[in-house]
Amino acid sequence: EGPVTVDGQPVLTSFPSMYNMPGGVGKITYNSNGRLVDQATSIWERKVVRMDLPLGVTMEVFRWTNYLDFRLTMTAQPNQDGACGNFDGSAGNDSTR
């Protein structure tokens, strides 16, 4: 629990709430909306911090009593490669470096 902060300043101090990041960088919401990472947690009240960022990047943090679940999603980018793959559908050419 506790407030969500940006640059050390509390921005989401109540539930639910929303904050637009300076310069149009993105939006942060704190509410009960989000697709669960682990269906076993469906018995608990959801408290989800979601960041909608440039380039189609979305980060969701599920705040549970004693731990967090986390999901990071994004759209494919030109020349993308890395541990999460390059979005070509072939796991054989994904790297872990």
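Predicted model, so just to flag it, every value in this text is computed and none were measured.

1. Overview of the overall build of the protein
For step 1, the next point in the chain: A tally of regular secondary structure across the protein gives 0 helices and 7 strands.
For step 2, the next point in the chain: Along the protein, helices (α) and strands (β) appear in the sequence β-β-β-β-β-β-β when read from the amino end.
For step 3, the next point in the chain: Residue burial in the protein is summarised as follows: out of 97 residues, 31% are buried.
For step 4, the next point in the chain: Considering only residue pairs separated by 6 or more positions, the protein has 24% of its internal contacts joining residues 24 or more positions apart.
For step 5, the next point in the chain: Counting only carbon and sulfur atoms, one obtains 53% of the accessible surface of the protein, whose full area is about 6,700 Å².

2. Remarks on the environment of F15
For step 1, the next point in the chain: Among the secondary structure elements, F15 is positioned in the loop between β2 (9-12) and β3 (17-20).
For step 2, the next point in the chain: Along the primary structure F15 and S32 are separated by 17 residues, whereas in three dimensions their C-alpha atoms are 8.8 Å apart.
For step 3, the next point in the chain: The contacts of F15, once residues within four sequence positions are left out, are Y30, N31, S32, E45, R46 and K47.

3. Describing the nonpolar core
For step 1, the next point in the chain: With 10 residues, the main nonpolar core is built from V4, V6, V11, L12, M21, I28, Y30, V49, M51 and V61.
For step 2, the next point in the chain: Elements that contribute at least two residues to this core include exactly β1 (4-6), β2, β4 (27-31) and β5 (48-52).
For step 3, the next point in the chain: With residues near it in sequence (within four places) discarded, V61 still touches K47, V48, V49, L68, D69 and F70.

4. What to know about the pattern of salt bridges
For step 1, the next point in the chain: Taken as a whole and judged by the stated rule, the model has 3 salt bridges.
For step 2, the next point in the chain: Ionic pairing is found between R50 and D52, a salt bridge with its closest N-O pair at 2.9 Å.
For step 3, the next point in the chain: Judged by its relative accessible area of 29%, R50 falls in the partly exposed class.
For step 4, the next point in the chain: The exposure class of D52 is partly exposed, given its relative accessible area of 23%.

Calculation notes
Residues numbered from 1 in each chain as written. Predicted model: local features only at pLDDT ≥ 70, side-chain atom pairs only at ≥ 80, totals over all residues. Heavy atoms only, no water. Helix = DSSP H or I, 4+ residues; strand = E, 2+ residues; numbered from the N terminus. Buried < 20%, exposed > 50% of the residue type's maximum accessible area, 1.4 Å probe, protein only. Contact = heavy atoms within 4.5 Å. Areas by Shrake-Rupley, 256 points an atom, 1.4 Å probe, with all protein chains shown as cover. Core = buried A, V, L, I, M, F, W, Y, C linked by side-chain atoms within 4.5 Å. Salt bridge = Lys/Arg side-chain N within 4 Å of Asp/Glu carboxyl O.

All quantities given are derived from atomic positions and should not be read as evidence of function.
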